[in-house]
Amino acid sequence: MNSFSPALLVPVAVVFVAGLGFGLQAPLNATLGRLIGSGLGAATVSFGVGFAALLVLTLVIGDPASILRAGGVSPLYWIGGFLGAVVVWAMLWSVPVTGVLTAISALLLGQLTAALLLDAVGAFGAPVHAITPQRVLAMVMVAGGLILSRF
């Protein structure tokens, strides 16, 4: 079993803050979709803004040549961009129907399910983390939160 380490505090805090932003992203995108009359258009605008921001960061503080090196890897690894687009579209489509809490709870449960399985096999070179009762309980608790979000 993994134990808690103070070294985990910074990355967990960074991801927590990113999660706060993600919580804002879904309703902002949903509102954009309503205002422009197209969820798909809103997802495109959202991805365009994100692309522009990342391009500027890569050019200013990153490694611009890394973008060209992406052509030398298997297109399998480019699927992440497609999956990101699906997430953005699914969230902006579902938030007006389910509400932000339920949509994000469902997304989180899906992410945790994938993460549990990917960790178990050490997918894509990640370290292997066994499926343990504690990890399954964490997923069950999120599933319970998803169910409770609709009561």
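Not measured: the values here are computed from a predicted model.

Our focus in this paragraph is the overall build of the chain. The helix and strand tally for the chain stands at six helices and zero strands. Its helices and strands taken in sequence order, the chain reads α-α-α-α-α-α from the N to the C terminus. By its C-alpha atoms, the chain is 45 × 45 × 30 Å across when sized along the principal axes. Counting every position in the chain, which comprises 151 residues, the buried fraction comes to 17%. The contacts of the chain with a sequence gap of at least 6 include a subset with a gap of at least 24, amounting to 56%. Carbon together with sulfur atoms contributes 79% to the accessible area of the chain, which is approximately 10500 Å² in total.

Grouped together as the largest cluster of nonpolar side chains are ten residues: Ala26, Ala30, Ala42, Ala43, Val88, Met91, Leu92, Val95, Ala103 and Leu107. Top element by residues in this core is helix H4 (residues 79-98). It accounts for four residues. With sequence-adjacent residues up to four places away left out, Ala30 is seen in contact with Leu92, Val95 and Pro96.

A few words on helix H2 (residues 39-61). Between its terminal C-alpha atoms H2 stretches 32 Å, which fits the 33 Å expected from 23 residues at 1.5 Å a residue. What H2 keeps buried is the set Ala42, Ala43 and Ser46. Contacts from the buried residues of H2 go to helix H1 (9-36) and H4. Capping the start of H2, Ser38 holds a side-chain oxygen 3.4 Å from the backbone nitrogen of Leu40, two or three residues further along.

Next up on the list: the packing of H4 against helix H5 (residues 100-121). To characterise two packed helices, one gives the angle between the axes of the helices and the distance between these axes. In contact at an axis separation of 7 Å, H4 and H5 are set at 140° when each is read in the N-to-C sense. The pairing of H4 with H5 is recorded here as oblique in orientation. The hand of the H4/H5 crossing is right-handed. Every residue of H5 that contacts H4 at Val87, Met91, Ser94, Val95 and Thr98 is listed here: Val100, Thr102, Ala103, Ile104 and Leu107. Considered class by class, the residues forming the contact of H4 with H5 number seven nonpolar, three polar and no charged.

Scoring rules and cut-offs
Residues numbered from 1 in each chain as written. Predicted model: local features only at pLDDT ≥ 70, side-chain atom pairs only at ≥ 80, totals over all residues. Heavy atoms only, no water. Helix = DSSP H or I, 4+ residues; strand = E, 2+ residues; numbered from the N terminus. Buried < 20%, exposed > 50% of the residue type's maximum accessible area, 1.4 Å probe, protein only. Contact = heavy atoms within 4.5 Å. Areas by Shrake-Rupley, 256 points an atom, 1.4 Å probe, with all protein chains shown as cover. Core = buried A, V, L, I, M, F, W, Y, C linked by side-chain atoms within 4.5 Å. Expected span 1.5 Å × (residues − 1). Polar contact = N/O pair within 3.5 Å; in protein donor to acceptor, adjacent residues only side chain to side chain. Axes fitted to C-alpha atoms, helices over the stretch in contact; angles between N-to-C directions. Parallel < 35°, antiparallel > 145°, perpendicular 65-115°, else oblique. Left-handed = near helix turned anticlockwise from the far one by under 90°. Nonpolar A, V, L, I, M, F, W, Y, C, P; charged D, E, K, R; others polar.

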